[in-house]
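Per-entry structural report
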Amino acid sequence: MATEKKVTAIKNTPKHLLGIQNLSVLEAKKILTEAKSFIKLNRGSSKKLDVLRGKTQINLFFEPSTRTQSSFDLAGKRLGADVMTMNMGNSALKKGETLIDTAMTLNAMHPDIIVIRHQDSGAPNLLSQKVNCTVINAGDGRREHPTQALLDALTIINRKGNIEGLKIAICGDILHSRVARSNIYLMNMLGAEVNVIAPKTLMPKGIDNLGVKSFTDMKKGLDGCDIVMMLRLQNERMQGSFLPSKREYYEFFGLTPEKLKFAKKDALLMHPGPMNRGVEIDTKLADDINVSLVKEQVELGVAVRMACLKLYCK
Amino acid sequence: MKEKILTNVRIIDPSQKMDEIGNIVIDEKGKIKSIGKKSGTSKSAEKIDLKGLVAIPGLVDMKAFVGEPGFEYKENFRTLSQAALAGGVTSIVTMPNTKPVIDNVSMVDFIIRRGRDKAKVNLFPCASITRQMEGNQMTEFGLLKARGIIGFSDVNKTIQNSELMSRIMNYASDIDVLIMQHAEDYELAKNSCINQGEVATRLGLQGVSDIAEKIIIERDLSLLSEFPCRYHINQISSKNSLNVIKKNKSNGIKFSTGVSINNLSLNQNDIGEFRTFLKLSPPLRSEEDRLSLIEGIKNDLINVIVSDHIPEDEESKRLPFAQAATGSIGIETLLSLSLELYHNESLPLEKIIKCLTINPAKVLKIDKGSLKEGSDADICIFDLEKPWVVKAEELKSKSKNTAIENRKLQGKVKMTLLQGEVVYSN
């Protein structure tokens, strides 16, 4: 009874950020609160802090990425860390080195944070067991992309004030999407109602058990929604035929101004990027600053990643 | 060898419907001289008192991988036989997916000689159904059988070509050879590493539906009605497959079926956060499927329980789940894990033992799995109640990839006899 430990909101922040599934509501909210404070900083003229001065951050990208990689890169630099980005697509793996070996090699250089993107689900989990620094998941296979979900949440909060009580639709290639999975967990956790909309061949089995309602019809699925999240059709992950054609997909599942009308009047549109214009989204709609939050998502992405780096790197 | 007498032991031998406390007398040649409560004694015999223990025929495991040749770093004949005997298994059917593949007569001679020299256990080698297990051309069934091959299996590969499968069955029916199929449709199972469903969706892994298994079973049983041969489905994993089997059995089609102890004892939730030792083929499925498999054993839709012993080195398992090797070791824990099904009241003891002894022996048409007078004294003696915890490093296999690390089990092998000789005791 005589313990004098300080009781804080989160007793022990876990060492790694592997997925929203492992996060508690408090932890998620803490990251979002922290991220808010960075938005202003990023808009100002002097963007540099020294919170992570002396820390080494390695971005380990086994899959090509533009926005996530540059976002983590900037986030680390703005916090004062030394950032090294390694594109692993064409080096070690081709020489037959395993993920564990690569991890052990890097670990020997004493990094403080490793940010990893990998094409195999669960790779960050495996990595986290083998290194003694913090591991942050920047997307693994089709499992999770936690910082994307967090930045989506921050974007929504920024516009709508709150997530609780909102109705959010996630449309498109749910089967191959880690963004969809992370968003389902996070939006549910923060009190939103989530609909997923996809053609049957792109809807994963057992999705209803994740706490969502699933639809194959945009009209029904978008009904009463405050937020419409469109997903990219991940052609590179599709082996075999999932759809008759892009034209047919656009006809039934592409977001057009007409289809957006099924949602609420003030509904906002999001997309994790990169967009396939004319496949999942009408090109004018994507650029319509009155409804599209795409640019804001990218902007707040840096703030969210700064928050994650700061909170997890100790 | 001196005459031996095992006394005061509870004998369970489903082959002669025996469950009684009595003696087992073993003659100088290592054969059972007499058995049961009326069994006689002999003064000159070496006496072993086994009060409180159970004696059953040595187990017959229809599916185990021995690393030789080509994968000696994963397992060899010596380590496999040590693991087997520590688990009460005295007869092993070995798989042909070695390097090179056992698909020709000279390979058979090699492994039979090698096994005889290095292993202290009855080995029954399988050859592949098709050359190089490529699913294109059948192997020399007749010649291979004559050299001592017990049956034919492409292990974890499936004959996809229906025409070839029909010819295999047609040809096999004439020369009485056993064809063992691993049922999985390649296209439906492509890139999959886990059962399709919520767990796969959460883990972000490519799942396979049980239809991939069912569709091959349906095809094969259709062909079988046309070309009746000795056909065995190695490992059934789902409720849907069992429904097909039930329908065909009641239509009078004759075939036999097996199940892995893993699919009887574990389900997909045990995979947790990417435990690659539980990446198996067929995959672990839902709890509903697991329970239906237990029902399948009760109703004699499933005849055989196998260990599906697949030793894999650490390097092949310490990878992201999708890249990791498939399979787990299990020959040493086969009996103990099966006894769990007795202790948790899923199955009667006699039924479990039957699926581990006389049933596989009948499928294979070998003179094992029984303690009838005159048969080889291959005996497994175990303590039905003894609690223990599975520790990978204590297992005898060369590879330590057990799917049930730290599992608390009840029932452990105490002693194993091979042709009357004590080859394992603890």
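Quantities reported herein were computed from a predicted structural model and do not represent experimental measurements.

Across its full length, chain A holds 11 helices and 9 strands. For 314 residues, the compact-globule estimate of 2.2 N^0.38 gives 20 Å, and the C-alpha radius of gyration of chain A, at 20 Å, lies within 12% of that figure. Across its three principal directions, the C-alpha atoms of chain A cover 55 × 50 × 45 Å. Buried positions account for 57% of the 314 residues belonging to chain A. Taking all contacts inside chain A whose residues are at least 6 apart in sequence as the whole, residues at least 24 apart take part in 74%. Put simply, chain A shows about 14,000 Å² of open surface, and 51% of that area lies on carbon and sulfur atoms.

Below, the discussion takes up the sheet that holds strand β6 (residues 193-197) of chain A. Residue and element names in this part refer to chain A. The 5 strands lie next to each other as β7-β6-β5-β8-β9, forming an open sheet whose pairing is parallel. Of all the strands in the sheet, the pair left with one neighbour each is β7 (213-215) and β9 (268-270). Adjacent strand axes in the sheet meet at a mean angle of 20°, parallel and antiparallel pairs treated alike. Here strand β5 (residues 167-171) pairs with strand β8 (residues 227-230) via 4 bridges, running parallel. Each residue of the ladder has a partner; that of Ile170, found in β8, is Met229.

In this section: the confidence of the model for chain A. For chain A, per-residue confidence averages 92 on the pLDDT scale, and 93% of positions sit at 70 or higher. This stretch, residues 1-11 of chain A, has a pLDDT under 50; its non-local contacts, to residues over four places away or in other chains, come to 4 contacts.

Residues and elements named next belong to chain B. The sheet contact formed by strand β1 (residues 4-13) and strand β5 (residues 54-57) spans 2 bridges and is parallel. Looking at the pairing, Ile11 lines up with Ala55 of β5. Where β5 meets strand β16 (residues 379-389), 4 bridges bridge the pair, whose relative direction is antiparallel. Paired with Pro57 across the bridge in β16 is Ile379.

Our next topic: the interface of chain B and chain A. The partner chain A presents 24 residues to the 18 residues of chain B that form the contact. Both sides together, the interface formed by chain B and chain A hides about 1,800 Å², and carbon and sulfur atoms give 49% of it. In terms of surface lost to chain A, no three residues of chain B exceed Thr201, Arg202 and Arg318 of chain B, which account for 33% of the buried area on that side. Classifying every residue of the side of chain B that touches chain A gives 7 nonpolar, 7 polar and 4 charged.

Once that is clear, we can look at unusual backbone geometry. For residues other than glycine, phi is negative in most cases, and the peptide bonds are mostly trans. All names here are of chain B. The amide bond that connects Glu68 to the next residue, Pro69, takes the cis arrangement and shows omega of -5°. Positionally, Pro69 belongs in the loop between β6 (59-64) and α1 (77-86). Cis geometry marks the peptide bond from Lys99 to Pro100, where omega comes out at 0°. Here Pro100 shows up in the loop between β7 (89-94) and α2 (105-118).

All names here are of chain B. Within this structure, the stated rule accounts for 34 salt bridges over all chains. Arg167 is the salt-bridge partner of Glu163, the closest N and O atoms lying 2.9 Å from each other. Of this pair, Glu163 and Arg167 are both found in helix α4 (residues 162-175), 4 residues apart, which corresponds to roughly one turn of the helix. When its relative accessible area of 48% is taken as the criterion, Arg167 is described as partly exposed. Here Glu288 and Lys239 are joined by a salt bridge, their closest N and O atoms 3.0 Å apart. In this pair, Glu288 is assigned in helix α10 (residues 287-298) and Lys239 in helix α8 (residues 239-250), connecting sequence segments 49 residues apart. Several salt bridges share partner residues, and in doing so they unite Lys31, Lys368, Asp376 and Asp378 into one network.

Criteria and thresholds
- Residues numbered from 1 in each chain as written.
- Chains lettered and ligands numbered in written order.
- Predicted model: local features only at pLDDT ≥ 70, side-chain atom pairs only at ≥ 80, totals over all residues.
- Heavy atoms only, no water.
- Helix = DSSP H or I, 4+ residues; strand = E, 2+ residues; numbered from the N terminus.
- Rg over C-alpha atoms; globule rule 2.2 N^0.38 Å.
- Buried < 20%, exposed > 50% of the residue type's maximum accessible area, 1.4 Å probe, protein only.
- Contact = heavy atoms within 4.5 Å.
- Areas by Shrake-Rupley, 256 points an atom, 1.4 Å probe, with all protein chains shown as cover.
- Pairing = 2+ DSSP bridges.
- Axes fitted to C-alpha atoms, helices over the stretch in contact; angles between N-to-C directions.
- pLDDT = per-residue confidence, 0-100.
- Buried area = accessible area lost by both parts, 1.4 Å probe.
- Nonpolar A, V, L, I, M, F, W, Y, C, P; charged D, E, K, R; others polar.
- Salt bridge = Lys/Arg side-chain N within 4 Å of Asp/Glu carboxyl O.

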